[in-house]
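Examination of the molecular architecture
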Amino acid sequence: MLLVALSATGMPVLHFTNGGNRSQYSDALLFIWCLIVLGVNGLFSLMLWVSELRRLKADRRIGT
């Protein structure tokens, strides 16, 4: 889950740093929108992974 979240978060960075002219393509808006949604989804997945890891560590300390 961590690797997928990190790769989803990094995908917009990889595509937006290319510097190509996306205005000449007809589906550029859909592609950019999908990249943004993929990056946000990756960030949420990363936050869920961190919160679950903290919860597991707290449960292990309590011993339940």
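Note that the structure is a prediction, hence the values are computed from the model and not measured. (Residues numbered from 1 in each chain as written. Predicted model: local features only at pLDDT ≥ 70, side-chain atom pairs only at ≥ 80, totals over all residues. Heavy atoms only, no water.)

**So, a nonpolar patch on the surface**
Keep this limit in mind: Patch members must show over 30% relative accessible area and no salt bridge, and they are joined within 9 Å when carrying like charges or within 5 Å when they are nonpolar side chains of Val, Leu, Ile, Met, Phe, Trp or Tyr. All accessible areas in this document rest on Shrake-Rupley with a 1.4 Å probe, and a residue is counted as covered only by the protein chains that are shown. Any Lys or Arg side-chain nitrogen found within 4 Å of a carboxyl oxygen on Asp or Glu counts as a salt bridge. Secondary structure follows DSSP: runs of H or I at least 4 residues long count as helices, runs of E at least 2 residues long count as strands, and numbering of each begins at the N terminus. Exposure is judged per residue with a 1.4 Å probe applied to protein chains only, and the accessible area is read against the type maximum: over 50% gives exposed, under 20% gives buried, and values in between give partly exposed.
Side chains of Phe-16, Ile-36, Val-40, Phe-44 and Met-47 sit close together on the surface and give an oily, nonpolar patch of about 460 Å² of accessible area. Tallying contributions element by element places helix H2 (residues 28-62) first for the nonpolar patch, with four residues. Looking at the element boundaries, Phe-16 is found in helix H1 (residues 2-16). Residue Phe-16 is classed as partly exposed on the basis of its relative accessible area of 35%.

**Section: the environment of Leu-38**
Cut-off, in case you're wondering: Residue contacts are counted whenever heavy atoms from the two residues lie within 4.5 Å of one another.
Of note, Leu-38 is situated in helix H2. For Leu-38, a relative accessible area of 34% gives the class partly exposed. Taking the C-alpha atoms as reference, Leu-38 lies 5.8 Å from Ala-8; in sequence the two are 30 residues apart. Among residues more than four places away in sequence, those in contact with Leu-38 are Ala-8 and Met-11.

**Let's talk about the packing of H1 against H2**
Quick note on the threshold: Lines fitted to C-alpha atoms define the axes, with helix axes restricted to the stretch in contact, and inter-axis angles between N-to-C directions lie between 0 and 180 degrees. Orientation labels follow simple angle bins: below 35 degrees gives roughly parallel, above 145 gives roughly antiparallel, 65 to 115 gives roughly perpendicular, and whatever is left gives oblique. In this scheme, a crossing is called left-handed if the near helix is turned counterclockwise away from the far one by less than a right angle; it is called right-handed if the turn is clockwise.
With their axes 8 Å apart at the nearest point, H1 and H2 run at an angle of 150 degrees to one another. The pairing of H1 with H2 is recorded here as roughly antiparallel in orientation. With respect to the hand of their crossing, H1 and H2 are arranged in left-handed fashion. Contacts between H1 and H2 involve Leu-2, Ala-5, Leu-6, Ala-8, Thr-9, Met-11, Pro-12, His-15 and Phe-16 from the former and Phe-31, Ile-32, Leu-35, Ile-36, Leu-38, Gly-39, Gly-42, Leu-43, Ser-45, Leu-46 and Trp-49 from the latter.

**Some points on H1**
We count it as follows: For a helix, the expected span equals 1.5 Å multiplied by the number of residues minus one. The angle between axes fitted to the seven residues ending at a residue and the seven residues starting there is what we call the bend at that residue.
Between its first and last C-alpha, H1 extends 22 Å over 15 residues, near the 21 Å set by a 1.5 Å rise per residue. For H1, the principal kink sits at Gly-10 and spans about 30 degrees; a proline, Pro-12, occurs within the next four residues. For H1, the full list of buried residues reads Ala-5, Ala-8 and Pro-12. The inward-facing, buried residues of H1 contact H2.

Nothing here speaks to function; it is all geometry.
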